[in-house]
Amino acid sequence: MSHSAVSQAAAVSVSFGNERSLTRSVFKQNSSLSFNSKSWSSSFALNQKTTTIRDAKRYTNTVLCMSVQQASSSKVSVSPIELEDPSDPPLNLYKPKDSYTAKIVSVERVVGPKAPGETCHIVIDHDGNLPYWEGQSYGVIPPGENPKKPGAPHNVRLYSIASTRYGDFFDGKTASLCVRRAVYYDPETGKEDPSKNGVCSNFLCDSKPGDKIQITGPSGKVMLLPENDPNATHIMIATGTGVAPYRGYLRRLFMEDVPNYKFGGLAWLFLGVANTDSLLYDDEFSKYLKDHPDNFRYDKALSREEKNKKGGKMYVQDKIEEYSDEIFKLLDNGAHIYFCGLKGMMPGIQDTLKRVAEERGESWDLKLSQLRKNKQWHVEVY
């Protein structure tokens, strides 16, 4: 939209009465160890065997995101390994009326000066009391009153978690969010109108280490990473901060030494952003490409720097079309495909996939129905 900036943070504004994350049913429990109770999460004694250096890093006010450059090509040990025990994901441990008070560890701008808008990587300390799985979301309740309901708190905003269950410090005590600051510009004057800026994204991007934050969740199961086949293919498509869950996936697949899980399949990431300065976690992804060339592919669509084959702007659907034959063959062989980002990304992608299917003599509607039936199709847009 030309008259306002749309938040690319993986957030959805929802009301308490119709909060999408909290209406999802809790998985049936098949394990004696269950995530789905606060008594478990609060009494579960986390393994404290973290190094002095890591503990020092956790509480310093400098940039705290443990980047991939700090890790050697060998995998990083994680704890507590009990986080691998439950057979079902944690769901809705904390509700809006009974949220969890966590603390901000760090806020780091993660885009360059030429990026349109500001995107931040935010590390949150939950002290092990709010466990989650890769692909899930946290709800954030910003401070202050809901302007539409005087005396009531703000509605919950959902953000896809951008870290693995072990967090950026590999100790199971933090979660990370990738948030784009939502700024509104008056269409007549062209100037920013702070009164209409996104409440939650600005709260998060302006927060300081030590600040308290109200969290709900975790929620969601549609974007969980299927791990029953360690040799599976995962095709991940994102625009902007929609890359958040994929960062968690890829750290789990390529960075962490996860007990009893060795990935031998293919992870293929398509990331669409405006320009080079807008690329998110590019250093991490580029290192995976260098260290795991047989298991990772990484394709970028830079809409303001590249042209598609028709001479127009290069969007993520253009990259999908470029590799459509490969993608369709992988889907035919059971690959999982994931979409995360602004909901406006989907029509163009769907149109591209439909056109490619028809060129191949296939019915896209029939193919899509089959992908959904086989649980290969995973979509979370906002």
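Calculation notes
- Residues numbered from 1 in each chain as written.
- Predicted model: local features only at pLDDT ≥ 70, side-chain atom pairs only at ≥ 80, totals over all residues.
- Heavy atoms only, no water.
- UniProt positions renumbered as here; feature names shortened; annotations may be inferred.
- Buried < 20%, exposed > 50% of the residue type's maximum accessible area, 1.4 Å probe, protein only.
- Helix = DSSP H or I, 4+ residues; strand = E, 2+ residues; numbered from the N terminus.
- Pairing = 2+ DSSP bridges.
- Core = buried A, V, L, I, M, F, W, Y, C linked by side-chain atoms within 4.5 Å.
- Contact = heavy atoms within 4.5 Å.
- Salt bridge = Lys/Arg side-chain N within 4 Å of Asp/Glu carboxyl O.

Looking up the chain in an unreviewed UniProt entry gives the name Ferredoxin--NADP reductase, chloroplastic, with the organism given as Eruca vesicaria subsp. sativa. What UniProt states about the chain under its Subcellular location (unreviewed entry) heading is, verbatim, "Plastid, Chloroplast". UniProt lists a comment for the chain under the heading Catalytic activity (unreviewed entry), and it reads "2 reduced [2Fe-2S]-[ferredoxin] + NADP(+) + H(+) = 2 oxidized [2Fe-2S]-[ferredoxin] + NADPH".

Draft legend 1. Just the pairing of strand β10 (residues 212-219), in detail. The element β10 is largely enclosed, with a buried count of six among its eight residues. Bridge analysis of strand β3 (residues 100-109) against β10 gives four bridges, and the strand direction is antiparallel. Across the sheet, A102 pairs through a bridge with I213, a residue of β10. Note that strand β5 (residues 137-141) and β10 share four bridges and pair antiparallel. The residue bridging S137 from the neighbouring strand is S219, located in β10.

Draft legend 2. Local environment of the nonpolar core. Counting 40 residues, the largest nonpolar core has V243, Y246, L250, L269, F285 and F296 as its most contacted members. Listing elements by their share of this core, those giving two or more residues are β11 (233-239), α4 (244-255), β13 (266-273), α5 (282-291), β14 (296-302) and β15 (336-341). When residues in this core are grouped by element, the largest group, seven residues, is from α4. For Y246, the contacting residues outside a window of four places in its chain are M223, M236, I237, A238, L269, Y338, F339 and C340.

Draft legend 3. Structural view of the UniProt feature "binding site: NADP(+)" (unreviewed entry) in the chain. UniProt tags S160, R180, T241, S303, R304, K313, G341, L342 and E380 as "binding site: NADP(+)" (unreviewed entry). Relative to the elements of secondary structure, G341 occurs in strand β15. Within the fold, E380 resides in strand β16 (residues 377-381). Classification of E380 by relative accessible area gives buried; the value is 5%.

Draft legend 4. Focus on the pattern of salt bridges. Summed over the entire model, instances satisfying the criterion amount to 23 salt bridges. Note that K367 is salt-bridged to D332, the shortest N-O span being 2.4 Å. With K367 in helix α9 (residues 364-373) and D332 in helix α7 (residues 324-332), the pair connects residues that are 35 residues apart, well separated along the chain. Owing to a relative accessible area of 11%, K367 belongs among the buried residues under this scheme. One continuous salt-bridge network, built from bridges that share partners, spans E84, E134, R165, E227 and R252.

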